[in-house]
Every structure is written in structure tokens, then in C-alpha cells.
Amino acid sequence: MKENTALEHVGSGADRLDAFFTRRGFVKVSGAFVATMAALGLLPETAAAAPTSSKGKIDYYATPSHVLKVNRARCTGCQRCEMSCTLKNDGNSQPAAARLHVHDGYNYGKELGSGDGIYYSCEWTIRACHMCTTAMCQTACPHGAIVTDESTGVRSVDPEKCVGCGTCVAACPYHMPVVNSVTHKSTKCIACGRCAEQCPNGAIELIEWENVNHSSGPTRQENPDPLISESQDYVGGGKVA
Amino acid sequence: MADNVSYGWAGYIARVNLTSGDITKESDEEMQQDYIGGMGFANKIMFDEVPAGTKWDAPENKAVLAVGPLTGSGVPLGGRSTWATLSTFTKDDLIVDCHCGGMLGAQLKYSGHDGLIIEGESETPVYILIDDDKISIEDASAVWGKGTRETTEALCKKHGLDCCVAAIGPAGENLLPYACVINTRSHSAGAGLGAVLGKKKVKAVVVRGTKGVNVADPQMVADLSDYMIAEVLGSNNNHVVPSTQQSWAEYYDKGSRWTARKGLYWAAAEGGPIETGEPKPGEPNTMGYRCMKSTKDMGPEAEKYTVKMAGCHGCPVRCYANVQVPKVKEITGYSSSGNTCVPNFPVTSYFTTIQPIEGMTDDEGTLTDQSVVYNQVVSATVDDLGLWCNYAQLYRDLAHTYKEGILERELGDEFAAYDWDGLLAGTNPAAWVDILKDIAFNQKKISRLGYGPLVWTKEWNDAAWYDNAKSCLINYRGWPVHHAIECFGQVGGLYNMMFNRDDMIHSAVNFQGCGLPIDLKKEMAKEMWGGEDACDPDKAYTPINDAKIEFAWWSIVTDVLHDSLTLCNWVWPMAMAPEKARDYRGDLDLEAQFYTAVTGVEVTTDDLYKAAERIMTLQRGYSSLGMTDAEGNMGCNDFRNVHDVITEWVFEKDPDLKAFEKGTDKMDRDDWQKALGMLYKRFGWDEELGCPTKQCLDDLGLDDLESQLDEAGLLVDGGTPYDERTRTYAGVLADYCGNNPALAQ
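Peer 1: What should I look at first to understand the overall build of chain B in this one?
Peer 2: Counting its secondary structure elements, chain B contains 28 helices and 19 strands. On C-alpha atoms alone, chain B measures out to a radius of gyration of 24 Å, which is about the 27 Å that the 2.2 N^0.38 rule sets for 745 residues. Projecting the C-alpha coordinates of chain B onto the three principal axes gives extents of approximately 65 × 65 × 60 Å. The proportion of buried residues among the 745 residues of chain B is 65%.

Structural data, given as C-alpha cells:
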């Protein structure tokens, strides 16, 4: 049999700026600069639109050094990634505040009716930060609380500035950041790789950032099973008399 | 951090009174040191609050769910939970523990609770919703009557897909004594708990937790985890050698649950097959492929249906088969199923050993495709019905009563309602659904099998079944073997007597099946239990000795410890390891080191073993208060003659062989009685009666139990003082644990 390779996905597809800026490039710019660049046709409209918040201090051209590569067919749902993430970065074990998400899809996939989860396809998606070159979480933050590490290009949340408003969660196309229900601060992936170290199935790898601008693996079944709750009350199609 | 931070424990237990509707929360701080959590908390609460003699279906009975300091903390295999309630199916309605994995325990912890006490009784169907700090009693009328799958789906739809739903099915609603509580599709808390919740009209407990477990030394938890996973942890049951010859491995053993090999695939994985390959020690990212459980349990035909393995929260050993069998979907309506225990192989391991079914094996004895369908139809069905099997007793009893004509005689007209011919011809797997449904719904006569052998053997006049080796019943109070005399003779026999249900102890059987050669095991036995003669080769058993008693004692206290911490005793304790560089020695101090790293409280392995001994002795004493004697009077401390009575077949099997001859695990009556007395002594109990003594209750600080026993006239003097009967375990394997980060400090 041929080894499984079909489901790896990397990056976000939002990486069109890389032709302009070199990999791992890092440019600290102002909103005015971006507007000028866009006006000159040197930047796509998405970039020009980006720095309307965050007080004009946008580090959005930094290409992060690393990204997580995931393969959901290998994921067995143990949550060791989520716990390892928070043990390292928060000092406690709190899967709901982890910087990647497995458990929320474990039962039923991304949504009820997706045909995923242990009750149906036995697949669910490992949701990991796409490490976008234009990071909407960052550009949307009204407090400039998502900052870029100058050496790695990786963004992280500055807890001093974060007020837990959740704008980043809403702005991220994948809703990856989480506002921690205890600290009321947002969290996002910093590409530390601890989750990958602890994955018992090698479903997560920390790789050097690549502009792999292709589609993700599946995030639902093409032909999902009908929902049990809409088709039967108990085993064998039994209905209560 | 602030002084008021609770490390490990959430610090609170929720209490839901269904009669009054009151919902309260109380601190568990005072119990933490002495009772740890999980089984310890649940047993302590039951002892304090449910008077001896209470019947399981009385409103005064409670169902107590609890987790421990290591649950959800990041410690490997810390995903389990323990319920305690009164037994629905064994003699005298005494306390039983109902263990379960899945996601329930961790979610409860993350909601900010170490436990949930369910008390009283509701008049209408309800479910209990725990959403972090918010706890409420909700109307369950819309899901009453439904299977656990639909119930889970409906409640997840309502409260969030990340909730864990622990639900009863029709078996629990209809008060079948064999009812269980199912979470996360197929994780069962058995021992009749489903009937207790059904009587209280609790359809489900829904838990959503977004908080964290505070950890005193997160770096140490991470370092210890890395060390454990790299060189100490094996596969399921901590089997530490592969099942086939592999170039990296010095040993292999075909019985091992380290079943990964080249050419064996998760063949139905999305996007194409994933090879299990040859995962080796020191490879943390292949750990989860070591245990290929679908083909191990269901034979080679299961490979093509295998999507992946999964399992409980927090465990890197993925022992849970996840299969998609189209024929099972046609019959049950459910596309996925799978398990790691009895429901993965109920037909071919327990039914056909008594009553053959055509077509389950081929000419070479290999399990067939149809056998996969048979096993998984039962698996999906019992999970949805919330039907427990008393560790496979249901399947043995069903096969036996069919084969011996008991069912035909007792069921009357109802007998013909089931397609026995098709079932046994191997052509009608759907017949299982009809049979199991009728057992679960508790209306037809066949449901008496779901009351357990204590009831049906009496009603159907078949007491002789207990004394038939094929029954596998090990105790006349109504439970079967759970790794008994076939597991190191007296050692397994002894720990099968301890509780009020099958023991669920794996500390010894893990060692037995780990795959290392017996000479090496004997060396290890000497280090851990004080003598090479603690263990014998299979079916070459020798008379009882001190080291065997120590091994039996250790098996019991480690199991109780794990059910309290909570860690998975199906893999823990780390008595052996796959790494040759450490001479295959495990690391018995990891529980204590993790406990200290998580809670910040310094403890030794011996401190924890002592706490486990306290919990075991509490259950023992509490049981004696409710146990009836031969005359039926409540309050009995003669465990030797009333409780710890092993079934006769263990002395009478293999009539051509004598006990201790090669080729049999037959037991000797005098040796057995001697062994009981020696084990009682090791626990500080009365050497004749097997009940707790004043001395041991004083040593363990069980003052409340002591006064209740005294009042009931059940307290006895004597008993060996703690210091004279115990030995030191801390550091016994330290010479092999050079890479242990806690020792480097």
C-alpha cells in the first residue's frame, strides 16, 4: 500500500506578498507607507486594507520563521498537544486555551453535519495557526497587542496590552486565537513546537516556513452521513413507541 | 503565584440534590492528602454520607464522580475518572467503583471541579449541565428514551460540540442492573451505575470545561513526561516488546499488544493507508502507532476497516480501535464503532468459547470478515443501549443458557422471537440487536441475564454454573474473573476477591504479558517485591510465599492509587520499560514525582501506597458494615468465609493434574486459605477474618470508620503494626533511572 501523504496542509493561502518581500523578511512600516505602496500598485489591496487599526504600527510584512504542518488522518485526539502547549506557554494545563485546537472537533468535526468526528468519519481537523504573512489577528487588534518578534517574525500576544476583547478571534479567518477564560487575555501560536514534540502520532510537525500556497486538506466529508439525531432514536433505527 | 492557588486539584466538589433542586459547591481540601482524589474521594464521600444497608435504588443512594490531582494535568495517561455508588448486581448492594476513560474526567477537572455528588431523586427526567462554574439541572424529557448516541448529539448541539456528554441509554432508564454510563461514544462506566442514574431520572451529565489545571512545576511535568515517553512507557498494558521480530528489538512476544509492524496499516485512513510500521523506544512521535488494536482484537480482516486508533484524554498510547464497517452501519445505523476492551471482541472471545457460531473463523482458525461484523454490531449496539456486560459475563451467560436449553425452557414463547438459527449460522448479525435490545429494555424474560448471575442462576435454577470453569465466575457474590488465577496463580486469585465487583486491576497482568523473558522478570521481581519467587512461569505455579503476597498487595494498592490520582491502571504502574539501555527496568517513583511536580507537595512512593492502603481499607470496612452474614443479619466482618470465597472450579479444574503441577493453574485449598491469611496480615487486617483491625485503622487514621465498626460490634483487636508489615518502595529502581529528571535535581 502507498503511504499516506495526501492530507498535509501548510500555510494559509494568504501569502501573496512573498514575491515582494523576501522570506523571513522583516519591515517595520507605517500605515502611510503601506497606503503609498498600495497606491503605487506595489501591494495588493488586502495589504493596503490591513493596517487600518493597531495604531499604525504594523509589522505585517514579516514572514514567520516557522509554521505547523498537520495531518489530520494521523491525529488520534489525545489532547497532548493542547496540554503541552499551555504547560509551556502558560504554566498550566488548559486545553481550551491552547494555541492549536483538536478537541473542539473530536466529537463532530467543525460543525454538526460535517460528517466528521468519532461518531462519524473518525476524522477531525487539527486547527493550527496558519502564520499568515498578513496576519489579520494582528492588524485587527485595536490595542496593538499582537507584536512581532524581530528575529523570527512570529507574532505573539503582549498580555500587558491585551484587553481580551476578542477582535483578533473574529478577525482571524480561521478563528485561531482564543481569549483565555481565566486570564481574559488572548493567546496565539508562537511556533515553539512543543505540541509537535509531544504528538504521539507525528500528526504535527514544526517546519521552516514555506510558502506552500495550496489548499488545505479536507475539513469535512463530501457526502456526510445524515445526523443520528434526525434519523433514529436508538440502535437499529428503533423509535420509541 | 498567589497563596490561594490550588495546584493539581481544582479544590471543589459540586453537589446536586435532585430532590430539593439545591446545587452547592464544597471544598475538598481536607480530603486531599489522605484520600488523593478519584476513588479515594468517591469512597470517602459514600462512606460519610450513605448509611450501610442502603439499597441501590433508594433515593439515599448517591452517585459520586471524582477525579484526582493528576487528571488533565498533562501527566501521561491522566484522563480517567472514577464513580462510586452501591452495587446493583452483586450481593448486599455494597459499594462499587465504576471506572471510565474518554473525556469525562478531564472535562470535569477543566470545569473547576474535582467531583460531582448526585443525590436524591428527580420526579422527571433531567440532565445535569456543568458549564465551568455554572451548574444547572435541565429538563431531559426530549432525550429520554433515546440511545446514548442521539442523546450525546442532541445535547452537544444544544450546549456546544466541545462538551463531554456522559449518558445512560434505554438500559439505565429501564433500571436494568447491568446498565452503564457512556461518554465519548464508547467509554463506559459500568457496574450498574446507569441503573442508579436511571432511578434518579438522570439521563446525562454534560460537562464543558475551559479552565486549566494549575501545575506547581510545569517544566518538571514536561521533563518527566518526555523521559517517561522516551524510555519507560511501552504499549497498551505496558507491553514492552513488539509482537513480531523486529530488527531493533532484542525480544518479541506474539501475545504483546505492541502490535505495530511493517506492512500493517490503518488502511481506511482518510487520504490513503497509514502504516503502523516499527515504532521504537525513544521515538515520541510514533508512540501512538505501537498498539494496533483493531487487528489484535478482531483479526486481520479488520485492517481494511481501520480508520485510526484513538482513546482517552491525555494518553499517548492509543489503544482504542476506530473502525468503519459498512455492514455494521447497515444494521445499526452507526458508521463508526470500536473499543479496546470486551466490546471490541464480545462474540469471538466470550460467546463462541461456549457456543460456537459458524463462519467466525476459517479453516486455520483465523477470524473472518463476518466475525468483525458480529463483534462490531454488538459493540455499537451495547454502547448505544448503555448496556454493560459485567466484564463479558453477559456473553458467557447468554451462550451457556442458550446451549444448555435454559433459555428455551425459561423464555417460553419469547424464545422464538429471536433468530437463533441465523445468529448461530453466522448469517444474521442483526439478531444481536434484537437480543441485546430486549435485555436492555428490561421487559422481556431474557433481560434477567442483565441482572447478573446472582439473580438469574437462582431464578433459573442453575447455581452449578458458578462451579463450572467455563463460567469464569470467580466469586459467589456475582462477579467474574478479571485476570485471576491464570495471572500468577494466587496473586491474581487474591486480588480478584478484594472489591464488590470484578477487580479491574492490571498491575500484575501487565507484568505477566509484557513480553520479557521469565528469568528477567524474576530478577525484576526480586528488586520490586523482595523475591524472585514472586512470579512463576505461566501454569507452573508454586505454593504461596512472602514475595507473592507482596506482589499481590502491590497490585492492589497501585490499582487503587491510579484510580485515585487518576491514572490509567491498564498501563501504569511503570514496572518495566522497553529500553534495553536501562535493562528493561521501569520506574516505580514516577507517580510520586508527578504528584510532587503537579501539586507542589513532596511525597514518596511509600506515602502514596499508604494512602491507597487507607482507601482500600476504608472500602473494606464500609463493606463490612453493610455485608450480611449467613443468617442474613447486616454487619459481618468474616470476609474469609463470606466475602472472599473463591469459586470451587479453581480447585477442581484439570482433574488429571494436581495443583502446582506444570500445565495447570489449578489452586490448592489449603494453600489458598494460607494465602488469604498472609494477604490480610500484609494489610494489617485480622489474619483469620480479613477485616480491618483497630491497629490498622489507627495506623491509617481511619477514626470515623473505627468508631462505626466499634458501634456495630465489628471492630477487632490485633493486626500487625504498619512499620512491621511494610517495606520501602521509593528508589528501588533508582539505579536504572539515570535519566529521570527528578533525580537530577
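Peer 1: Explanation requested: the overall build of chain A in the structure shown.
Peer 2: When helices and strands are counted, chain A shows eight helices and nine strands. Here the contacts in chain A between residues at least 6 apart in sequence split such that 67% fall between residues at least 24 apart.

Peer 1: I keep staring at the sheet that holds strand 7 (residues 126–131) of chain B and nothing clicks. Help me out?
Peer 2: Pairing between the strands of a sheet is mediated by backbone hydrogen bonds and can be parallel or antiparallel. Residues and elements named next belong to chain B. Sheet architecture is open: six strands sit in the order 8-7-12-9-10-11, paired in mixed fashion. The open sheet has two edge strands with one neighbour each: strand 8 (134–139) and strand 11 (187–189). Pairwise comparison of adjacent strand axes, ignoring direction, gives a mean angle of 20° for this sheet. Judged from the four bridges that link them, strand 9 (residues 164–167) and strand 12 (residues 202–208) form a sheet pairing that is antiparallel. Following the sheet pairing, A166 is matched in strand 12 by V205. Here helix 4 (residues 148–159) sits on the sheet in contact with strand 7, strand 9, strand 10 (181–183) and strand 12, set at roughly 145° to strand 9.

Peer 1: Mind showing me how you'd approach the pairing of strand 6 (residues 115–119) of chain B here?
Peer 2: Residue and element names in this part refer to chain B. Of all five residues in strand 6, five are buried; the element is thus mostly enclosed. Burial of the side chains of strand 6 extends over both faces: G115, I117 and E119 are buried on one face and L116 and I118 on the other. Where strand 1 (residues 12–17) and strand 6 come together, five bridges link them in parallel fashion. Its bridge partner being in strand 6, I13 is matched across the sheet by G115. Bridge count for strand 3 (residues 63–66) against strand 6 is four bridges, and the pairing is antiparallel. Counterpart to L65 in the pairing with strand 6 is L116.

Peer 1: Help me understand the nonpolar core, please; the structure alone is not making it clear to me.
Peer 2: Proteins that are soluble and globular tend to have nonpolar side chains buried together. Counting 307 residues, the largest nonpolar core has L100(A), L387(B) and F551(B) as the members making the most contacts within it. Sort the elements by how many residues they give to this core and helix 20 (residues 546–565) of chain B lands first, with eleven residues. Sequence-distant contacts of F551(B), defined by excluding residues within four places in its chain, comprise F488(B), V491(B), A508(B), A525(B), W529(B), A534(B) and C535(B).

Peer 1: Before we go on, may I ask you to explain the sheet that holds strand 1 of chain B in this structure?
Peer 2: Residue and element names in this part refer to chain B. Spatial ordering of the open sheet is given by 2-1-6-3-4-5, a layout of six strands whose pairing is mixed. In the strand order of this sheet, the two ends are held by strand 2 (23–27) and strand 5 (95–100), each with one partner. With strand direction ignored, the average angle separating the axes of adjacent strands in the sheet is 20°. Pairing of strand 4 (residues 81–86) with strand 5, which is carried by six bridges, proceeds in the antiparallel orientation. Counted as the bridge partner of T82 is H99 from strand 5. Against the sheet, helix 2 (residues 38–49) engages strand 3, strand 4, strand 5 and strand 6, with an angle of about 20° to strand 4.

Peer 1: What's the story with the confidence of the model for chain A in this structure? I'm lost.
Peer 2: Low-pLDDT stretches of the model should not have their predicted coordinates read in fine detail. Residue and element names in this part refer to chain A. With 70% of its residues at a pLDDT of 70 or more, chain A has an overall mean of 79. Low pLDDT, under 50, characterises residues 5–30; the stretch is placed with 63 contacts to residues that sit more than four places away or in other chains. Every residue in residues 44–56 is under pLDDT 50, and counting partners more than four places away or in other chains gives 32 contacts.

Peer 1: What's the story with helix 2 of chain B in this structure? I'm lost.
Peer 2: It helps to recall that an α-helix has 3.6 residues per turn; residues three or four apart then point in one direction. Residue and element names in this part refer to chain B. Taking 1.5 Å per residue as the helical rise, helix 2 with its twelve residues ought to reach 16 Å, and the 16 Å between its terminal C-alpha atoms agrees with that figure. Within helix 2, ten of the twelve residues are buried, leaving the element largely enclosed by the surrounding structure. Burial in helix 2 covers these residues: G38, M39, G40, F41, A42, N43, K44, I45, M46 and F47.

Calculation rules
- Residues numbered from 1 in each chain as written.
- Chains lettered and ligands numbered in written order.
- Predicted model: local features only at pLDDT ≥ 70, side-chain atom pairs only at ≥ 80, totals over all residues.
- Helix = DSSP H or I, 4+ residues; strand = E, 2+ residues; numbered from the N terminus.
- Rg over C-alpha atoms; globule rule 2.2 N^0.38 Å.
- Buried ≥ 20, exposed ≤ 12 C-beta atoms within 10 Å, placed from the backbone.
- Contact = placed C-beta atoms within 7 Å.
- Pairing = 2+ DSSP bridges.
- Axes fitted to C-alpha atoms, helices over the stretch in contact; angles between N-to-C directions.
- Core = buried A, V, L, I, M, F, W, Y, C linked by C-beta atoms within 7 Å.
- pLDDT = per-residue confidence, 0-100.
- Expected span 1.5 Å × (residues − 1).

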